[in-house]
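Chain and residue survey
In case you want the letters, here they are:
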Amino acid sequence: MHKKTALVLGGGGARGYAHIGVIKALEEAGIKIDMIVGTSIGAIIGAGYASGLTVEEMESIAGSMTVRKFVELMDISISSQGLIKGDGISGFLNQAIKKKNFYELDIPFYAVTTNILTGEKIVIDQGNLIDAVRASMAIPGLFTPIRYDDKILVDGTLVDFLPINVAIQNGANRVIAVNVSSEVDGVSTLNKIYIYLRRALDKVEVAAIPENFRDVLKKYPNAIYFTMKSLEILNTCKQSISPAPNVLILTPPVQNIKWYSFHKSKEGIEKGYLATMEFLNRKLEA
């Protein structure tokens, strides 16, 4: 019986370029992917590959992402829900990803997001593909979230930075997961800041809050709220990776790449490729 192989692509911003290198190595090894699960940058690359983009096309798109182009995509918003409106990112995704709806995809794909209102993990596998990907990578407070029915969706890494269970729950009996998470972005520090802020806000009166900060609260109430909610979710949702049968976890050495270093595509892709080839060669020699 053919094993259903899932590729699970985790979140980590620019470190996710390694996903392209992993896919390149898997293709060269003749390993067929039957399903893709992605969150955040993993959703972008996973959706692109599932929509028919070749490795060469993905490498070209990644290589075109200069510092200047990245900044141009960051359309500063006057919205109270996020600093960046997200139209620039949506336009980029529409141009880069070949197909726009889940039913059109060459490979079944699942986008992992977070309902910021409840802290619940929401997995999307139907409807508008671009909206699902945008939701999956919407860092709370920074990017405007995506409304989906009665939910407000943001970055999936808040609740599941490497959604292996999503693949297994959808019928995968062999999983190749790519972990590009890192402490270099200071998640632990953010958790500590949240704890201190929460304690402080619980103790002080509104009148005691500095006037300039009160102005920020008035101008961006939802952005502040979403940021605090995301830190609360991070602080209460303890994530870990548990070993499981038929689950291979690849960890390319990209931990020192900052999430926003999108000009480092060549480095990330190469490290993903070499890490995968090294594993496959070890497996052949065993």
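Residues numbered from 1 in each chain as written. Predicted model: local features only at pLDDT ≥ 70, side-chain atom pairs only at ≥ 80, totals over all residues. Heavy atoms only, no water.

Remarks on helix α3 (residues 55-63)
Here α3 has its buried residues at Val 55, Met 58 and Ala 62. Down the axis, α3 shows its buried residues gathered within 60° of arc, on one side only. Across α3 from its buried face, at more than 90 degrees, point the exposed residues Glu 56 and Ser 60. (Buried < 20%, exposed > 50% of the residue type's maximum accessible area, 1.4 Å probe, protein only. Helix = DSSP H or I, 4+ residues; strand = E, 2+ residues; numbered from the N terminus. Arc of directions from axis to C-beta.)

Here's the deal with the packing of aromatic side chains
Under the criterion given, the structure shown has three aromatic pairs. When the ring of Tyr 17 is compared with that of Phe 262, the centres are 6.0 Å apart and the planes differ by 85°; the resulting orientation is edge-to-face. In this pair, Tyr 17 is assigned in the loop between β1 (5-9) and α1 (18-28) and Phe 262 in the loop between β10 (247-250) and α11 (265-285), connecting sequence segments 245 residues apart. Considered together, Tyr 17 and Phe 262 belong to a single accessibility category, that of buried residues. Taking the centre distance of 5.7 Å and the plane angle of 85° together, the rings of Trp 259 and Tyr 260 count as edge-to-face. Sitting above the plane of the Tyr 273 ring, Lys 24 keeps its charged end 5.4 Å from the centroid. (Phe/Tyr/Trp six-rings, centres within 6.5 Å; stacked < 30°, edge-to-face > 60°. Lys NZ or Arg CZ within 6 Å of the ring centre and 35° of its normal.)

So, the pairing of β1
Counting buried residues in β1 gives five out of five residues, a clear majority hidden from the surface. Residues Thr 5, Leu 7 and Leu 9 of β1 are buried on one face, and the alternating residues Ala 6 and Val 8, pointing to the opposite face, are buried as well. Two strands pair when backbone bridges link them, and β1 and strand β2 (residues 35-39) are joined in this way by four bridges, in the parallel orientation. Looking at β2, one finds that Val 8 is bridged to Val 37. Where the polypeptide runs from β1 across α1 and back to β2, its parallel neighbour, the crossover connection is right-handed. (Pairing = 2+ DSSP bridges. Right-handed = clockwise from strand over helix to strand, strands pointing away.)

Regarding the pattern of salt bridges
Any two side chains of opposite charge can pair, given that their charged atoms come close. Inspection of the entire model under this criterion finds eight salt bridges. Note that Lys 32 and Asp 34 form a salt bridge whose closest N and O atoms lie 2.7 Å from each other. Relative accessible area serves as the criterion here: at 53%, Lys 32 is assigned to the exposed category. For Asp 34, a relative accessible area of 13% gives the class buried. A salt bridge links Lys 271 to Glu 267; its shortest N-O distance comes to 3.2 Å. Of this pair, Lys 271 and Glu 267 both sit in helix α11, four residues apart, roughly one helical turn. Accessibility expressed as a relative area gives 28% for Lys 271, which makes it partly exposed. Here Glu 267 falls in the partly exposed class, since its relative accessible area comes to 31%. (Salt bridge = Lys/Arg side-chain N within 4 Å of Asp/Glu carboxyl O.)

Focus: the side chain of Thr 5
Tracing the backbone through its elements, the reader meets Thr 5 in strand β1. Sequence-distant contacts of Thr 5, defined by excluding residues within four places in its chain, comprise Lys 32, Ile 33, Asp 34, Met 35, Arg 174 and Ile 176. (Contact = heavy atoms within 4.5 Å.)

Points about the packing of α1 against helix α2 (residues 41-50)
Relative orientation of the contacting elements α1 and α2 amounts to 40°, with a least axis distance of 10 Å. Regarding α1 and α2, the two cross each other, and that crossing is right-handed. Residues His 19, Ile 20, Ile 23 and Glu 27 of α1 form the contact with α2, whose participating residues are Ile 41, Gly 42, Ile 45 and Tyr 49. When grouped by side-chain class, the residues that make up the contact of α1 with α2 number five nonpolar, two polar and one charged. (Axes fitted to C-alpha atoms, helices over the stretch in contact; angles between N-to-C directions. Left-handed = near helix turned anticlockwise from the far one by under 90°. Nonpolar A, V, L, I, M, F, W, Y, C, P; charged D, E, K, R; others polar.)

Topic: the confidence of the model for the protein chain
The predicted model of the protein chain has a mean per-residue pLDDT of 82, with 73% of residues at 70 or higher. The element-level mean pLDDT for the protein chain is lowest in helix α9 (residues 211-219), coming to 45, with α1 highest at 98. The low-confidence segment residues 204-210 (pLDDT under 50) makes six contacts with residues lying over four places distant or belonging to another chain. Low pLDDT (under 50) marks residues 212-221, which in the prediction has twelve contacts with non-local residues, meaning those over four places away or in another chain. (pLDDT = per-residue confidence, 0-100.)

What to know about the side chain of Ser 136
Residue placement: Ser 136 occurs in helix α6 (residues 129-136). In this structure Ser 136 touches Gly 38, Thr 39, Ser 40, Ala 43, Val 112, Thr 113, Val 154, Asp 155 and Gly 156, once residues within four positions along its chain are discounted.

Details of the nonpolar core
Formed by 55 residues in total, the largest nonpolar core has its most connected members in Leu 7, Tyr 17, Ile 20, Ile 36, Met 58, Phe 109 and Leu 129. Of all the elements, α2 adds the most residues to this core, at six residues. Dropping the residues within four chain positions of it, Leu 7 is found in contact with Ile 23, Leu 26, Ile 33, Met 35, Ile 36, Val 37, Ile 176 and Val 178. One finds Ile 164, Ala 172, Ala 177 and Val 247 within the second-largest nonpolar core, a separate group that totals 15 residues. (Core = buried A, V, L, I, M, F, W, Y, C linked by side-chain atoms within 4.5 Å.)

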